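These are the residues of each chain, in order.
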Amino acid sequence: MIRVTPIQTGTVSIRPHHHCGEAGKGPIRRKIDMLLDEDWVEDLPIYTYLIEHPEGNFLVDSGDTAENTAKDYLPAWHPFFRHGVIVKVAPGEEVGDQLRGMGVDPSVDLKALILTHMHHDHAGGLHHFPHTPIIVARENFLLANSWKGRIFGCLPQYFPRWLDPTLIEFSDRPFGPFPQSYPLTKDGNVVLVPTPGHMRGHLSVIVRSPDVTYCLAGDSTYDERFLLEELVDGVTYDVELSKQTLRQITALGQQEPTLLLPAHDLRVPERLSKGLCLPRKPVRRAT
Ligand SMILES: [Zn+2]
């Protein structure tokens, strides 16, 4: 049996130009637009995902921490953190507490924690997993721990001191439309694929079950509409690379029934309950 269950660790609010940048604008202009924004998008969920697989349980991302709700948690010197993000995680909403509530002990019942990338709302729950193997792409880990990581949405000052993850590099083994991959299970049904654009070294987790393929897309897209219309967020470091990633995920949906599970998509519960997959016919793209 293979099962994928979303676990919501609070909400994050961001600016509209963070959620979706304007077509034709490059990465720097998109950042300026984010800082000039005065509106907010509605509160978005912060999802982690539990994968139950015959070879063991895997958790994808660790969500954010209730400490991030405190006023002085995010660095005040940083314009994005000061202006552009509001995290709300209640005590008990952190992923470790929720896993225990589901009967899953984070220290013994998980084969691995996989990080799609190390932004604060994906790596903020690491302190729950001192005894769990942690997997992240080498490129992403190195960036997250650098000064550039601190500028671009990571908080390495809060990473646990014991953190020593397995740093993976992708091999040139194609998986569907993805030119590279990293199989995680022996049966080949849980596979990591590179999905760069939102952050260097960003990865997604593909889970094949008998009925449907799940694409745990992290932040490679914030929701399905943006994916299908090839609309790229404000965070991207390379718009064309982000679009290439979106095209590869869309192409996976053309090849096999694929249910999209990003980290901040409001429609995840509906999509899972109704089994709504990506459209299998060509989609019209925004120009
Ligand atoms: Zn992110």
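Description of the structure in this document. (Residues numbered from 1 in each chain as written. Predicted model: local features only at pLDDT ≥ 70, side-chain atom pairs only at ≥ 80, totals over all residues. Heavy atoms only, no water.)

## Quick notes on the environment of L261
Here is the rule: Numbering goes from the N terminus for both helices and strands, where a helix is a DSSP run of H or I of at least four residues and a strand is a run of E of at least two. Relative accessibility decides the category of a residue: with a 1.4 Å probe and only protein chains considered, values under 20% of the type maximum give buried, values over 50% give exposed, and everything between is partly exposed.
Relative to the helices and strands, L261 resides in strand β12 (residues 258–262). Given the relative accessible area of 0%, L261 is considered buried. Separated by 43 residues in sequence, L261 and G218 place their C-alpha atoms 7.7 Å apart.

## Comments concerning the coordination of the zinc ion
Note the threshold: Sites may look incomplete because water is not among the atoms; the donors themselves are N, O and S atoms within 2.8 Å of the metal, or within 3.2 Å for Na, K and Ca. A four-donor site is called tetrahedral if each angle lies between 85 and 135 degrees; a four-donor site is square planar, and a six-donor site octahedral, when trans pairs exceed 155 degrees and the remaining angles lie between 65 and 115; all other cases are labelled irregular.
Surrounding the zinc ion are the protein donor atoms H117 (NE2), H119 (ND1), H198 (NE2) and D219 (OD), at 2.2 Å. Taken together, the four donor atoms coordinating the zinc ion and their angles of 90 to 172° define a geometry best described as irregular. Spacing between the donor residues of the zinc ion along their common chain follows H-x1-H-x78-H-x20-D. In this pair, H117 sits in the loop between β5 (112–114) and α5 (120–123) while D219 sits in the loop between β11 (213–218) and α8 (224–228), placing the two residues 102 residues apart along the sequence.

## Quick look at the pairing of strand β2 (residues 44–53)
The condition that has to hold: We treat two strands as partners when DSSP finds at least two bridges between them.
With 10 of its 10 residues buried, β2 lies for the most part within the structure. In this sheet, β2 lies alongside strand β1 (residues 3–14) in antiparallel orientation, the contact comprising eight bridges. What sits directly across from V12, in β2, is L44. By the bridge criterion, five bridges tie β2 to strand β3 (residues 56–60) in an arrangement that is antiparallel. What sits directly across from L50, in β3, is L59. The turn joining β2 and β3, which pair antiparallel and follow one another in sequence, is formed by two residues.

## Focus: helix α2 (residues 27–36)
Residues spaced three or four apart along an α-helix face the same direction, because each turn holds 3.6 residues. What counts is decided by this rule: It is the directions from the helix axis to the C-beta atoms that the arc portrays. The contact criterion used is simple: two residues touch if any of their non-hydrogen atoms lie within 4.5 Å.
For α2, every residue scored as buried is listed here: R30, D33 and M34. Angularly, the buried residues of α2 cover 100° about the axis, an arc narrow enough to put them on a single face. Facing away from the buried side of α2 by more than 90 degrees, the exposed set consists of I28 and L36. Along its buried surface, α2 packs onto α1 (16–19), α3 (79–83) and α9 (239–255).

## Points about the sheet that holds β12
Taking strand neighbours across the sheet as the criterion, the five strands line up as β8-β9-β10-β11-β12 in an open arrangement whose pairing is mixed. Looking along the sheet, the strands with just one partner apiece sit at the ends: β8 (182–183) and β12. Bridge count between β8 and strand β9 (residues 190–194): two bridges; the pairing is antiparallel. Paired with P183 across the bridge in β9 is V191.

## Remarks on unusual backbone geometry
Residues other than glycine seldom take positive phi values, yet D61 does so here, at roughly 70°. Take D61: it is sitting in the loop between β3 and α3. Since its relative accessible area comes to 2%, D61 is described here as buried. One non-glycine residue, E230, adopts positive backbone phi at about 55°. Note on placement: E230 falls in the loop between α8 and α9.

## Re the packing of aromatic side chains
Aromatic ring pairs are defined here through the distance separating the ring centres and the angle between the ring planes. Put simply, the rule is: Note on aromatic pairs: the rings of Phe, Tyr and Trp (six-membered ring only in Trp) are paired at centre separations within 6.5 Å, and the planes decide the class, stacked below 30 degrees, edge-to-face beyond 60, tilted for the rest. Ring-over charges, as used throughout, are those where CZ of Arg or NZ of Lys falls within 6 Å of the ring centre and within 35 degrees of the ring normal.
In this structure the tally under the stated criterion is three aromatic pairs. When the ring of Y73 is compared with that of Y158, the centres are 4.1 Å apart and the planes differ by 10°; the resulting orientation is stacked. Highlighted residues: Y73 in the loop between β3 and α3 and Y158 in the loop between α7 (147–151) and β7 (166–168), separated in sequence by 85 residues. Under the relative-accessibility criterion, Y73 is labelled buried at 10%. The class of Y158 is partly exposed, set by a relative accessible area of 38%. The side chain of R15 reaches across the aromatic face of W40, ending 3.8 Å from its centre.

Honestly, it's all geometry; don't read function into it.
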